[in-house]
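Structural overview for review
Listed here are the chains, written in short residue letters.
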Amino acid sequence: MSDKGMMEKEEIFSKVLRAGRRTYFFDVRATRADDYYLTITESKKFTNDDGSFFYKKHKIYLYKEDFAGFNEILQEMTDFILNEKGEEVISERHQKDFKKEYETSENGETQGVSPEKFTDVSFDDI
């Protein structure tokens, strides 16, 4: 079988989720034994100093025997995050109208932030 014929057979069903600089590809593919599995690819766009760009990709292969456990843990984790933090995106990179509540001086010190806005974290907790 030619490479082209193999590629056509391998990709069965696909969906794309665009999320800012990231794009997620969900692809159903076929094994040599004609069974199906899922690949999830994260593609992230980066820009070189000269203005050209490139993509870094990370891929997960997920097989049918792992679907139930994967789905259960994914649902538990997403529910936990939404219950703890809500649906509002608080990341600076994801909000175009985000404004800093502080200034940084020339020597790198943070000014204008009250200590109450910080959480004391012990590295033993991490």
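Residues numbered from 1 in each chain as written. Predicted model: local features only at pLDDT ≥ 70, side-chain atom pairs only at ≥ 80, totals over all residues. Heavy atoms only, no water.

The protein chain carries the name DNA-binding protein in an unreviewed UniProt entry, which gives Salegentibacter agarivorans as its organism. Under the UniProt heading Sequence similarities (unreviewed entry), the entry covering the protein chain gives this text: "Belongs to the PUR DNA-binding protein family." (UniProt positions renumbered as here; feature names shortened; annotations may be inferred.)

Below, the discussion takes up the packing of aromatic side chains. Going through the model one piece at a time under the given rule, you end up with four aromatic pairs. Chaining the aromatic ring pairs together yields one cluster made of Tyr-37, Tyr-61 and Tyr-63. Lys-45 extends its terminal NZ or CZ atom over the ring of Phe-53, reaching a point 4.2 Å from the ring centre. (Phe/Tyr/Trp six-rings, centres within 6.5 Å; stacked < 30°, edge-to-face > 60°. Lys NZ or Arg CZ within 6 Å of the ring centre and 35° of its normal.)

In this section: the side chain of Glu-42. Relative to the elements of secondary structure, Glu-42 occurs in strand S3 (residues 36–47). At 2.8 Å, the side chain of Glu-42 forms a polar contact with the side chain of Arg-22. With sequence-adjacent residues up to four places away left out, Glu-42 is seen in contact with Arg-22, Thr-23, Tyr-24, Lys-56, Lys-57 and His-58. (Helix = DSSP H or I, 4+ residues; strand = E, 2+ residues; numbered from the N terminus. Polar contact = N/O pair within 3.5 Å; in protein donor to acceptor, adjacent residues only side chain to side chain. Contact = heavy atoms within 4.5 Å.)

Moving on: the pairing of S3. Sheet topology note: the strand S2 (residues 22–30)/S3 ladder contains nine bridges and is antiparallel. The residue of S3 that forms the bridge with Thr-23 is Ser-43. Between S2 and S3, which pair antiparallel and follow one another directly, the connecting turn spans five residues, one of which, Asp-34, has a positive phi of 65°. Note that S3 and strand S4 (residues 53–63) share 11 bridges and pair antiparallel. Bridge pairing in S4 links Phe-46 to Phe-54. Here S3 folds back onto S4 in antiparallel fashion, the turn holding five residues, of which Gly-51 has a positive phi close to 95°. (Pairing = 2+ DSSP bridges.)

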